[in-house]
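Structural description and commentary
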Amino acid sequence: SKFFGGGETFCVIVSSLVLQAALSVWLILYAKFCRVDFSFTLPKRSLFSKAAKYTLLALLLVFATMALWKGVLFLLGVKYEMQNSIDLWLSASGVAENAMAFLSIAVLAPISEELLFRGYLYRILKGAFNNLFAAVLVSLLFAGIHFSIEAFVSLAALSVLFCAVYEKYRDIRLNILVHSLFNIVNVLMISICNLQQ
């Protein structure tokens, strides 16, 4: 807070942006200098139509798994808490904080996470294991970094879908776009629900 001269939410958002941007730049430079081939296979028109289709599928998958998992947690007596990124979005105030939070959630998180989890880790692990085991392992890691027991199952299922999309098309741009659209839709729905309350 002292370094950035803002409140706690502002500092968390700025820190998140810096880390996501640094990770994205590092992964892109690593790909360039180590000649990692992401082989973009889809034309732009097809990229956007497929992104819309897989975003809808991702939303349905997450809502279904979240409903089931919330039921299990309720039966176990575990209190449901919001994911940190959702809490961060809701606590942002003012144009600057909201813009930076949106940039983090809708742009930098999808880029850095897809490059790291599907572009690198999944590709490395499927060289050592079969595709399904690699997808499950990457998905457990992906869900784990979000630090939310309540969203863990949904995030793991979402990550398995992202691995399947990457395996089918081998175009990391599609993964980034689906992830971004998914996050944008969630932010909009959370904002609408928050306004109604």
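Keep in mind that this is a model prediction, so the values were computed, not measured.

Quick word on the environment of E150
For E150, the location among the structural elements is in the loop between α5 (131-144) and α6 (152-169). For E150, a relative accessible area of 7% translates into the label buried. Here the alpha-carbon distance between E150 and K70, two residues 80 residues apart in the chain, equals 7.1 Å.

Quick notes on the nonpolar core
Looking at soluble globular proteins, one finds that nonpolar side chains tend to be buried together. Counting 37 residues, the largest nonpolar core has F38, Y122, L158 and L174 as its most contacted members. Looking at this core element by element, the count peaks at 9 residues for α6. The residues touching L158, leaving out its near neighbours within four places in the chain, are A58, L61, V62 and F182. V14, A92, M100 and L108 belong to the second largest nonpolar core, which has 7 residues in total.

Examining helix α1 (residues 8-33)
Relative to the 38 Å expected for 26 residues at 1.5 Å per residue, α1 spans 37 Å between its end C-alpha atoms, a close match to the ideal helical length. Phi for R35, located one or two positions after α1, is positive at around 55 degrees.

Procedures and definitions
- Residues numbered from 1 in each chain as written.
- Predicted model: local features only at pLDDT ≥ 70, side-chain atom pairs only at ≥ 80, totals over all residues.
- Heavy atoms only, no water.
- Helix = DSSP H or I, 4+ residues; strand = E, 2+ residues; numbered from the N terminus.
- Buried < 20%, exposed > 50% of the residue type's maximum accessible area, 1.4 Å probe, protein only.
- Core = buried A, V, L, I, M, F, W, Y, C linked by side-chain atoms within 4.5 Å.
- Contact = heavy atoms within 4.5 Å.
- Expected span 1.5 Å × (residues − 1).

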